[in-house]
Amino acid sequence: MAKLMLLTLLGLGLVLFRDHRASYQARLNAFREVKPVEVPNCNLVKGIESGSEDLEILPSGLAFISSGLKYPGIKSFEPDKPGKILLMDLNEEDPTVLELKITGSKFDHSSFNPHGISTFTDEDNTVYLLVVNHPDFKSTVELFKFQEEEKSLLHLKTIRHELLPNLNDIVAVGPEHFYATNDHYFVDHYLRSWELYLGLAWSYVVYYSPTEVQVMADGFDFANGINISPDGKYVYIGELLAHKIHVYEKHANWTLTPLKVIQIQNILTEEPKVTRVYAENGTVLQGSTVASVYKGKLLIGTVFQKALYCEL
Ligand SMILES: *[C@@H]1O[C@H](CO)[C@@H](O)[C@H](O)[C@H]1NC(C)=O
């Protein structure tokens, strides 16, 4: 009897494990086939070989690109080199990238590990660049002032907070004010793995300002990219493993109320919910994370590898 019980439990365990593994693979889109959607005029960006995880283009056509991310479980082609912020002028005929110098005595360049980035431009046209950083795999937000003439970033401040433990992306709404995604709940490496595998969906979004820090949305299965509409009324949050983009209304008191969910589905049917601009099966780009458009030019970034620049 005891043996039978043990076998039953073992069988049940195996079934649950298989079931769970299948849903894990579905969350990761592990078996998705990618049918190419081509854009005629594309070139790899020279000088980007070890990532372009996030990028942002200013209205002037200057693009900031974060490069060299080291993230647990993800490939790095330059594991021993610090990350960097690259600048690209999309007004140029054949734009190249330039590494922005970082100045400011308190900044430790050797452990720089940039992830999500966002800019904020104030009334007198000062451009602030806010960068999610993972020195020693911890999470901070680095605040820089962009100095266009000198092609440099002046480091102003490092922001750390207990509600910002596992930062992924950020969207600035002031010089020291932002919404940020925490892609995990747990900090501990072991617990993080279980959190991800079991699909607990405990990832969350925080509003930060020097005077107020608050969780504004939670329950995500890996909250990833975050952005704001040009008019500042809506906040978009990408939920990676649920394949969803959430749209929130942003209120004057910075709280967010859910408006709708854009499910990335039916993309190959007659009436797609989303237009696929570009798709490629990994021979050119692997692990793309971000794309932005400036005057008919499309710039696409990747986690650990190259970047692509296309004419639409
Ligand atoms: C924030 O503003 C919204 C919309 O005006 C309101 O519904 C909500 O109660 C406010 N929340 C707090 C905590 O003040």
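Residues numbered from 1 in each chain as written. Predicted model: local features only at pLDDT ≥ 70, side-chain atom pairs only at ≥ 80, totals over all residues. Heavy atoms only, no water.

## Points about the sheet that holds strand β20 (residues 297–302)
Item 1. One open sheet accounts for four strands, arranged β1-β21-β20-β19; its pairing is antiparallel. Of all strands in the sheet, those bounded by a partner on one side alone are β1 (41–44) and β19 (288–294). Neighbour-to-neighbour, the strand axes of the sheet open up by a mean angle of 20 degrees, direction not taken into account.
Item 2. Where β20 lies against strand β21 (residues 307–311), five bridges are found, and the strand directions are antiparallel. (Pairing = 2+ DSSP bridges. Helix = DSSP H or I, 4+ residues; strand = E, 2+ residues; numbered from the N terminus. Axes fitted to C-alpha atoms, helices over the stretch in contact; angles between N-to-C directions.)

## Some points on the pairing of strand β15 (residues 223–228)
Item 1. The pairing of β15 with strand β16 (residues 234–239) spans four bridges and is antiparallel. By the bridge assignment for β16, Ala-223 is matched with Glu-239.
Item 2. Between β15 and β16, which pair antiparallel one after the other, the connecting turn spans five residues, and Gly-232 there sits at a positive phi close to 75 degrees.

## Here we look at the pattern of salt bridges
Item 1. Within the structure shown, the criterion is met by three salt bridges.
Item 2. Asp-221 is the partner of Arg-27 in a salt bridge, and the nearest nitrogen-oxygen pair spans 2.7 Å. Within this pair, whereas Arg-27 is found in helix α1 (residues 2–27), its partner Asp-221 is found in the loop between β14 (213–220) and β15, the two being separated by 194 residues in sequence. Asp-221 carries the same exposure label as Arg-27, and that label is buried.
Item 3. With a shortest N-O distance of 3.3 Å, Glu-78 and Lys-81 are connected by a salt bridge. (Salt bridge = Lys/Arg side-chain N within 4 Å of Asp/Glu carboxyl O. Buried < 20%, exposed > 50% of the residue type's maximum accessible area, 1.4 Å probe, protein only.)

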